[in-house]
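What follows is the residue order along each chain.
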Amino acid sequence: MNTKLAKTLIGAAAMVVMTGSASLAEDWRGWNIHADGYPNTVAMDKFAELVTEKTGGEINLQMFHGGTLGSQPDAVEQVRAGALEVGNFNLGPIGPIVAEANVVSLPFIFKDVPHMFRVLDSEGGAAIAAGMAGKGLTPLAWYDAGARSFYNGTKPINTPADVQGMKVRVMNNDLFTGMIAELGGNPSPMAFAEVYQALKTGVVDGAENNWPSYESTGHFEVAGYYSLSQHLIIPECVCVNTDKFNALSPELQAAVREAAQESAELQRQLWAEREAASRAAVEAAGVVVNEVADKAPFQAAMAPVYEAYFATNPDLRPLVETIQATE
């Protein structure tokens with residue numbers, strides 16, 4: 001064959017291969033509610049970078065932060081429907097859609113954050129993930145969202161009796177209002193933006209949240225006692241549309257999942273640093289912090305909350321028991 005012709009044919013074949021590969025590349029869009037610099041935002045940008053790298057450019061993920069593509073409930077539905085491919089979601093809003101995911105919103109179901117991750121990496125987590133995948137949201141990795149604890153302006157909380165008669169702001173969820181009621185307090189659901197003024201004026205006596213939220217909102221200025229009850233430990237996920245993920249080759253699935261897992265390692269490290277910085281800042285400002293040495297009385301007080309939950313979700317009792325039995 002003529003050398004010049006052979007080179008031309010080889011070049012043409014290469015162009016066909018390159019064109020074919022390019023046409024197979026997928027462009028994905030991802031949602032995240034957090035602002036620039038937040039641990040999740042940094043980690044999701046890393047996830048996008050790793051997806052391109054580990055798939056050899058076959059999947060390119062563009063992240064949209066700050067909730068620019070809609071509210072979290074909207075984004076959850078968009079990922080389920082395939083209008084978006086990826087989302088970084090808290091499991092709280094997913095609970096009403098996926099019964100298995102709602103168990104993480106039960107008060108005191110986790111002993112602490114490490115226990116939560118042990119559960120998620122075992123049988124309990126597999127059941128939650130399967131339930132989510134069945135509703136169109138396949139979790140690829142779990143992010144840390146910290147633990148929520150009680151704070152107020154008058155005293156440390158060490159036992160359920162310390163909550164007796166206290167007006168406590170909670171999120172508008174029957175599980176959370178039930179928690180305060182069973183501790184003898186008065187649950188006061190209200191918008192998060194209203195909490196600072198409500199604490200300042202005595203509309204509520206206390207509230208509950210994680211370290212970064214307590215610090216960044218200035219709540220520590222008007223509620224100087226922070227008690228480490230860790231009553232709610234609700235994780236976040238890196239979720240992908242189930243049909244889109246299942247359509248990938250096993251090799252690409254492994255690459256995307258690996259990218260998500262690596263981003264989770266980064267997110268957990270950054271979250272731990274952010275928590276430590278927030279705690280140091282409020283303690284330097286004079287906040288009194290106490291560990292709740294014995295959470296058993298709090299957990300025992302939750303029995304009616306759990307029974308009310310099982311009354312409407314009887315099939316989930318084994319999952320709850322599996323979580324509680326995980327060491």
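Everything below is about the structure printed above this text.
Residues numbered from 1 in each chain as written. Predicted model: local features only at pLDDT ≥ 70, side-chain atom pairs only at ≥ 80, totals over all residues. Heavy atoms only, no water.

### Some thoughts on the overall build of the protein
Consideration 1: Broken down by element type, the protein carries 14 helices and 11 strands.
Consideration 2: With the principal axes as the frame, the protein shows a C-alpha extent of 95 × 45 × 30 Å.
Consideration 3: The buried share of the protein, taken over its 327 residues, is 48%. (Helix = DSSP H or I, 4+ residues; strand = E, 2+ residues; numbered from the N terminus. Buried < 20%, exposed > 50% of the residue type's maximum accessible area, 1.4 Å probe, protein only.)

### A look at the packing of aromatic side chains
Consideration 1: Scanning all chains against the criterion turns up 11 aromatic pairs.
Consideration 2: Measuring from ring centre to ring centre gives 6.0 Å for Tyr 151 and Tyr 226, while their planes differ by 10 degrees; the resulting arrangement is stacked. In this pair, Tyr 151 is assigned in strand S5 (residues 148-152) and Tyr 226 in strand S9 (residues 225-232), connecting sequence segments 75 residues apart.
Consideration 3: Accessibility expressed as a relative area gives 2% for Tyr 151, which makes it buried.
Consideration 4: According to the relative accessible area criterion, Tyr 226 is buried, its value standing at 0%.
Consideration 5: Among the aromatic side chains, those forming a connected cluster through ring pairs are Tyr 151, Trp 211, Tyr 214, Phe 220 and Tyr 226.
Consideration 6: Above the plane of the ring of Phe 117 lies Arg 268, whose end atom (NZ or CZ) is 3.7 Å from the centre. (Phe/Tyr/Trp six-rings, centres within 6.5 Å; stacked < 30°, edge-to-face > 60°. Lys NZ or Arg CZ within 6 Å of the ring centre and 35° of its normal.)

### Observations regarding the state of the cysteines
Consideration 1: What the rule picks out here adds up to 1 disulfide.
Consideration 2: The disulfide bridge from Cys 237 ends at Cys 239, spanning 2.3 Å between sulfur atoms. The sign of the -115 degrees torsion about the S-S bond sets the Cys 237-Cys 239 disulfide as left-handed. Cys 239 matches Cys 237 in its accessibility class, with the two residues each being buried. (Disulfide = S-S within 2.5 Å.)

### Structural notes on the side chain of Gln 230
Consideration 1: Its place among the elements puts Gln 230 in strand S9.
Consideration 2: A polar contact is formed between the side chain of Gln 230 and the side chain of Lys 295, at a distance of 2.9 Å.
Consideration 3: If we skip the residues at most four places from it in the chain, Gln 230 touches Phe 110, Lys 111, Asp 112, Ala 147, Arg 148, Ser 149 and Lys 295. (Polar contact = N/O pair within 3.5 Å; in protein donor to acceptor, adjacent residues only side chain to side chain. Contact = heavy atoms within 4.5 Å.)

### Quick look at the pattern of salt bridges
Consideration 1: Taken as a whole and assessed by the stated rule, the structure comprises 8 salt bridges.
Consideration 2: The shortest N-O distance in the salt bridge between Glu 26 and Lys 244 comes to 3.9 Å. Of this pair, Glu 26 sits in strand S1 (residues 26-31) while Lys 244 sits in helix H10 (residues 242-246), placing them 218 residues apart in sequence.
Consideration 3: What makes Glu 26 partly exposed here is its relative accessible area of 26%.
Consideration 4: As a salt-bridge pair, Arg 279 and Glu 283 come within 3.4 Å of each other at their nearest N and O atoms. Residue Arg 279 and its partner Glu 283 are located together in helix H11 (residues 250-284), separated by 4 residues, close to a single helical turn. (Salt bridge = Lys/Arg side-chain N within 4 Å of Asp/Glu carboxyl O.)

### Points about helix H7 (residues 174-182)
Consideration 1: For H7, the complete set of buried residues consists of Leu 175, Phe 176, Thr 177, Gly 178, Met 179 and Ile 180.
Consideration 2: Against the buried residues of H7 lie S5, strand S6 (167-170), strand S7 (186-189), S9 and helix H13 (303-312).
Consideration 3: A side-chain oxygen of the first residue of H7 lies 2.7 Å from the backbone nitrogen of Leu 175; this N-cap is Asn 173.
Consideration 4: Just downstream of H7, Gly 184 is the residue with a positive phi angle, here 90 degrees.

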